[in-house]
Amino acid sequence: MLQVAIQTFIQPGDILMTLDPDFGMYDFYCSQAKGIMEKFAVCKDGSFDLDAFIERAKKVQPSLVLFSNPNNPSGNLITKEQVRKLAQALPNTPVIMDEAYMEFAQDSALELIGQLDNLYLTRTLSKMFGLAAMRVGFLISTPENIAVLDGHRPVYNLSTPAQVIGTILLGHAKEYEAKRDAIVAERLRMEKELAALEGITLHPSAANFICLYPQDPADLAGALKEEGIQIRSYPNKDYVRITVGSREQNDQVLDVIRRMQKESL
């Protein structure tokens, strides 16, 4: 749906405005459409000046505003009232909030659909529902907006098994809430444990991952990999992203990081 939306709104030379850093696939799909990326730099904790963002958008006149909320990789969240302010300030610009991780934050802008003609939300079953291999996602907007996007949707964009499985999972959404709550509780515990360690900087996350600024991101990623633990590292960046797992998995991560810290003393 991200690809469909970008290819709908971005023509060669058009501007897609997003945050920096954010989900790398926005760049890929925009490049496919021969669009131009306009990136608005955020603070290390993922926060940014919304008024300055709006002012910049009014100046560059993007054909699409799109960013993740909560942000990937920082985990920063903007509230639905901030989403309202953004969409109202740019009434002639499609504004897409990619809510891939919103189940862990529970501050969706869903109730604004229908109130704001230019607002779109994207969601996925890849995160809380664990269905990443099936590639099931969906987009929410007004019927008029959906009709426009539908004209750009590939005919065979979602297989029948994926649709059936996705529908069944959504029918059991309540049963996943306990799993979500456990992940959020583990995230809070990990944030507390990691914040007590020297040489590591982190900021509160509203997603199912934690963004860390260690002394040496490559060393940390390498040490964890040696223990069979894969985290998300980024070339030439000073941070890594660690997905919150089970308590046992998280304890393994903490043990490796503590051991690294002792060895560096």
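Everything below is about the structure shown above.
The rules behind these values
Residues numbered from 1 in each chain as written. Predicted model: local features only at pLDDT ≥ 70, side-chain atom pairs only at ≥ 80, totals over all residues. Heavy atoms only, no water. Salt bridge = Lys/Arg side-chain N within 4 Å of Asp/Glu carboxyl O. Helix = DSSP H or I, 4+ residues; strand = E, 2+ residues; numbered from the N terminus. Buried < 20%, exposed > 50% of the residue type's maximum accessible area, 1.4 Å probe, protein only. Arc of directions from axis to C-beta. Pairing = 2+ DSSP bridges. 1 Å grid on protein atoms, 1.4 Å probe; cavity = no way out; pocket = protein on both sides within 12 Å on 5 of 7 lines; lining within 4 Å. Points joined across faces, edges and corners; volume = space filled by probe spheres on them. Contact = heavy atoms within 4.5 Å. Axes fitted to C-alpha atoms, helices over the stretch in contact; angles between N-to-C directions. Polar contact = N/O pair within 3.5 Å; in protein donor to acceptor, adjacent residues only side chain to side chain.

**Q** How should the pattern of salt bridges be read in this particular structure?
**A** Note on pairing: side chains with opposite charge can pair once their charged atoms come close. The full count for this structure, using the stated rule, is 17 salt bridges. Salt-bridge contacts for Arg123 lead to Glu99; the nearest nitrogen and oxygen are separated by 3.1 Å. In this pair, Arg123 is assigned in strand β5 (residues 119-124) and Glu99 in the loop between β4 (95-98) and β5, connecting sequence segments 24 residues apart. Residues Arg123 and Glu99 agree in their burial class; the two are buried. Ionic pairing is found between Arg259 and Glu227, a salt bridge with its closest N-O pair at 3.3 Å.

**Q** Just checking my understanding: could you explain helix α4 (residues 80-89) for this structure?
**A** An α-helical turn contains 3.6 residues, so any two residues separated by three or four positions project in the same direction. Buried within α4 we find Val83, Arg84, Leu86 and Ala87. End-on view of α4: buried residues confined to an arc of 165 degrees, all on one side of the axis.

**Q** Would you mind showing me how to read the pairing of strand β8 (residues 209-214) here?
**A** Each regular strand carries side chains that alternate between the two faces of the sheet. For β8, the buried fraction is high: 6 of the 6 residues fall into the buried class. Covered by surrounding structure in β8 are Phe209, Cys211 and Tyr213 together with Ile210, Leu212 and Pro214, the residues of both alternating faces. Looking at chain direction, strand β7 (residues 200-202) and β8 are connected through 3 bridges and run antiparallel. Each bridged residue has a counterpart across the sheet, and for Thr201 the counterpart in β8 is Tyr213. Connecting β7 to the antiparallel partner β8 that follows it, the hairpin turn spans 6 residues. Two elements, β8 and strand β10 (residues 240-243), share 4 bridges in a ladder whose sense is antiparallel. Bridging from a neighbouring strand, Ile210 pairs with Ile242 of β10.

**Q** Where do I start with the layout of surface pockets in this structure?
**A** One simple way to see leftover space: roll a probe sized like a water molecule over the atoms. If you add up the space inside the largest pocket, you get close to 950 Å³. If one sorts the elements of the lining of the largest pocket by residue count, helix α6 (residues 160-171) sits on top with 5 residues.

**Q** Teacher, can you tell me more about the sheet that holds strand β9 (residues 232-233) here?
**A** One open sheet holds the 4 strands; their spatial order is β7-β8-β10-β9, and the pairing between them is antiparallel. Among the strands making up the open sheet, the edge pair consists of β7 and β9. Packing against the sheet, helix α7 (residues 173-195) makes contact with β7 and β8, and its axis sits at approximately 10 degrees to β8. Where helix α8 (residues 217-226) meets the sheet, it contacts β8, β9 and β10, and its direction lies at approximately 125 degrees from that of β8.

**Q** What is the right way to look at the sheet that holds β5 in this model?
**A** In any sheet, the strands associate via hydrogen bonds between backbone groups, in a parallel or an antiparallel arrangement. Strand order in the open sheet made by the 6 strands is β2-β1-β3-β4-β5-β6, with mixed pairing throughout. In this open sheet, the two edge strands, each paired with only one partner strand, are β2 (36-41) and β6 (137-140). Strand after strand, the sheet turns through a mean of 20 degrees between neighbouring axes, direction not considered. Inspection of the sheet shows strand β3 (residues 64-68) paired to β4 by 4 bridges, in the parallel sense. Within the sheet, the bridge partner assigned to Leu66 lies in β4 and is Ile96. Each of β1 (15-20), β2, β3 and β4 is contacted by helix α2 (residues 25-32), which is oriented at about 155 degrees to β2, the strand it contacts most.

**Q** Help me out: how do you make sense of the side chain of Asn118 in this one?
**A** If you trace the backbone, Asn118 turns up in the loop between β4 and β5. On the basis of relative accessibility, which here comes to 7%, the residue Asn118 falls in the buried class. Separated by 2.8 Å, the side chain of Asn118 and the backbone oxygen of Leu90 make a polar contact. Polar contacts involving the side chain of Asn118 include one to the main-chain carbonyl oxygen of Thr93, which spans 3.0 Å. With near-sequence residues (within four places) excluded, Asn118 lies in contact with Ala87, Leu90, Pro91, Thr93, Pro94 and Val95.

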